[in-house]
Structures are given as C-alpha cells and as structure tokens.
Amino acid sequence: MLAVDLIVEPDAAPAFSLAADRHFMHAVQRASRTRNAVLRVYNFRGDVLALGRYHVAPPEPAPSGVQLSRRHTGGRTIPFGDGFVGLSLVLPHRSALFSADPFALAPHQVINRYVRGLLEGCKLAQIPAFYPGRDFVTVDGRILAMVSFEIDENGALLFNAVVANTRDFSVLPHFLETVDPTGIVKAEMLTPESTTSLARELGTRLSLADVAALLQR
C-alpha cells in the first residue's frame, strides 16, 4: 500500500492551493519520492466562489468581499472559504490505492472508491453520510460535501472534496449574486432545507485540525 503524506494548511490562499495541487500532481510521478501520495486538508479565509475547471468565468467583478477561484477538477460551482474544508488527494494514477495497474479502476469508478475515506471519517463522527452518485455527499438527502476529480496528461489523479463544516452550501446564491450579477455562471440554486453541515449534524463546531484527524483516520 502507498504511504500517504498528510498536509494540513489553515488559511491557505486560493491561488496557492491551486498551485499546490498542480505541483503534487507532477511530484507524485517522481520515482525518487519516498511517498507517492499526498492528502492535503485546507481551508480558505473569507468568502470564495469556486468554479469548476470548465466553467466560463464572469468578468472581473468589482470589489465585493467574495473572491473568485477555480479548481483543477470539474464539477459544480460551489461556495468555499470560511466555514468550509477542502480535501485534495493526489495519487500517481487513478487506481493507486487499489492496484498497481493504473487502469484497474474505470473512470466512472474513481469517485465511488475515493469518497469512501470521507464517508468513513463522517461515520467516526457518528454522521450517516451517503454517496448517492455523481458529485454530492449527503446526510438524509441534504448536501454535506461536493466531490470531483481530474486525471492529468501523465495519469496522475487529483480527487477533490469540499466539505461544509460550520456553514452550508445554501450560501451559494448570495455568492453568485455578488460575483456574477449578470448570470454568466450556471449553477443549481441550493436552499437551507436541501443542505447541511458538520456543525449542524453534530451540534458542535469542528476545527480544521479536527476534520483533518477524522479524514486521516
């Protein structure tokens, strides 16, 4: 089994986080590395609207207090920043934790396999999280996390998750209205009734270190 480097990064800058993911996607391919897998757990300060890899970005917004960022992975436009925790798992190929054969997992199996660490972390906290398919993790049908992945030109895998910790995804419409008032970015509107957070499920607030410890276990 691969040994995995755990990196916990409080208050990372979005641009730094993007660069870190790209750096590790190159680094895990190097034969000289003693560990060829990286699990990075991090958060951003402030309010952030995170676009997927393929979204058309709105024009540069006027200063509003909401930052605009982009992920390497595809998937939905989501809120990030204060109250959310990011997870980046970088592996030398998409099957690395299951097989030496890079093609042992088909692309459609990737999220189903690598979301299991997140589900087990929730189980340790007595949260009955469930992956119903596609790109959301839910609790009793309410959205708790968004998951996505990207495989680069050399076959390295980036599995990405954003977990609602002390805020939930229902802040998305406000972030969109602030950053993209003309409606260029397409997104599903999420409501408080359809979303949840770790704090809501547990009745207490977890720190970044607390969430990282659950994911590590």
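Everything discussed here concerns the structure shown above.
Residues numbered from 1 in each chain as written. Predicted model: local features only at pLDDT ≥ 70, side-chain atom pairs only at ≥ 80, totals over all residues. Heavy atoms only, no water.

Undergrad: Help me out: how do you make sense of the layout of surface pockets in this one?
TA: Where empty space is left becomes clear once a probe the size of a water molecule has been rolled over the atoms. Put simply, the largest pocket is a space of about 500 Å³. The wall of the largest pocket is formed by 22 residues, among which L39, L89, L97, G117 and L215 lie closest to the centre. Looking at side-chain class alone, the lining of the largest pocket contains 14 nonpolar, 3 polar and 5 charged residues. (1 Å grid on protein atoms, 1.4 Å probe; cavity = no way out; pocket = protein on both sides within 12 Å on 5 of 7 lines; lining within 4 Å. Points joined across faces, edges and corners; volume = space filled by probe spheres on them. Nonpolar A, V, L, I, M, F, W, Y, C, P; charged D, E, K, R; others polar.)

Undergrad: Whenever I open this one, helix α3 (residues 116-124) confuses me. Can you help?
TA: Helical geometry: 3.6 residues make up each α-helical turn, so side chains three or four residues apart lie on a common side. Buried within α3 are the following residues: L118, L119, G121 and C122. Seen end-on, α3 carries its buried residues on one side only, within an arc spanning 160°. On its buried face, α3 sits against β7 (129-130), β8 (136-139), β9 (142-151), β10 (157-164) and α6 (208-216). Looking one or two places after α3, you find Q126, whose phi comes out positive at around 65°. (Buried < 20%, exposed > 50% of the residue type's maximum accessible area, 1.4 Å probe, protein only. Helix = DSSP H or I, 4+ residues; strand = E, 2+ residues; numbered from the N terminus. Arc of directions from axis to C-beta. Contact = heavy atoms within 4.5 Å.)

Undergrad: Could you clarify how one ought to interpret helix α1 (residues 14-27) in this entry?
TA: In this model, α1 (14 residues) spans 20 Å end to end at C-alpha, consistent with the 20 Å of a helix rising 1.5 Å per residue. Considered for burial, the residues of α1 that qualify are P14, S17, A20, D21, F24, M25 and A27. Along the axis of α1, the buried positions cluster into a sector of 165°, meaning they face one direction only. (Expected span 1.5 Å × (residues − 1).)

Undergrad: It is not clear to me how the sheet that holds β7 should be interpreted in this structure. Could you clarify?
TA: Reading across the sheet, the 7 strands line up as β1-β2-β6-β10-β9-β8-β7 and stay open at both edges, with mixed pairing between neighbours. Since the sheet does not close on itself, it has two edges, and those belong to β1 (5-12) and β7, each with one partner. Taken together, the 4 bridges between β8 and β9 define a ladder with antiparallel strand orientation. Within the sheet, the bridge partner assigned to F136 lies in β9 and is M146. Packing against the sheet, α1 makes contact with β1, β2 (38-44), β6 (84-91), β9 and β10, and its axis sits at approximately 175° to β2. (Pairing = 2+ DSSP bridges. Axes fitted to C-alpha atoms, helices over the stretch in contact; angles between N-to-C directions.)

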